[in-house]
Amino acid sequence: EEDWLNLAGELMGKGELRLALRALYLATLACLARQELITIAKYKSDLEYELELRRRSHTQPHLAGVFAENRTLFECAWYGLHEVTPGIMERFSRNQESISGYAQS
């Protein structure tokens, strides 16, 4: 998780926002896996992680909603043609920090 966050910071510094967004998304998955809220597997889709999180985070209902927003932002940028702007990075980063905080509580 920490390595992904460091990589995201480096990539943001270089202006590689699309790659930085991906690194932040992977940091989020690592955080959730560390807290045993998801299990990472090659065959799982981003939506499958979201559904798994919804099942496992019933005591923290906002967690899945914040993750869903970031999943959508990530998919639009990574699989779609949407440009990653500084505003999107800020929103994604804020959500990632929120997820990290929820996962640790």
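Residues numbered from 1 in each chain as written. Predicted model: local features only at pLDDT ≥ 70, side-chain atom pairs only at ≥ 80, totals over all residues. Heavy atoms only, no water.

Another aspect to go through is unusual backbone geometry. Glycine aside, residues mostly have negative phi angles, and peptide bonds mostly take the trans form. In the Ramachandran plot, Glu36 falls in the positive-phi region, its phi being about 60° despite a non-glycine side chain. Position of Glu36 among the secondary structure elements: in the loop between α2 (17–34) and α3 (46–56). For Glu36, a relative accessible area of 64% gives the class exposed. (Helix = DSSP H or I, 4+ residues; strand = E, 2+ residues; numbered from the N terminus. Buried < 20%, exposed > 50% of the residue type's maximum accessible area, 1.4 Å probe, protein only.)

With that out of the way, let us pick up the nonpolar core. In this structure, Tyr25, Leu29, Leu32, Leu53, Phe67, Met89 and Phe92 are the most contacted members of the largest nonpolar core, which totals 25 residues. When residues of this core are traced back to their parent elements, those giving at least two are α1 (2–13), α2, α3, α4 (61–78) and α5 (86–104). In terms of residue count, α2 provides more of this core than any other element does, 9 residues in total. When residues no more than four places from it in sequence are discounted, the contact partners of Phe67 are Tyr25, Thr28, Leu29, Leu32, Asp46, Tyr49, Glu50, Leu53 and Ile99. (Core = buried A, V, L, I, M, F, W, Y, C linked by side-chain atoms within 4.5 Å. Contact = heavy atoms within 4.5 Å.)

Next up on the list: the pattern of salt bridges. As a working rule, side chains carrying opposite charge can pair if their charged atoms are close by. By the definition in use, this model includes 8 salt bridges. Residue Arg54 is joined to Glu50 by a salt bridge in which the shortest nitrogen-to-oxygen separation is 2.9 Å. With Arg54 and Glu50 both in helix α3 and 4 residues apart, this pair spans about one turn of that helix. Residue Glu50 is classed as buried on the basis of its relative accessible area, which comes to 5%. A salt bridge links Glu50 to Arg71, with the shortest nitrogen-to-oxygen separation between them at 2.4 Å. Here Glu50, found in helix α3, pairs with Arg71, found in helix α4; they are 21 residues apart in sequence, far enough to count as distant. (Salt bridge = Lys/Arg side-chain N within 4 Å of Asp/Glu carboxyl O.)

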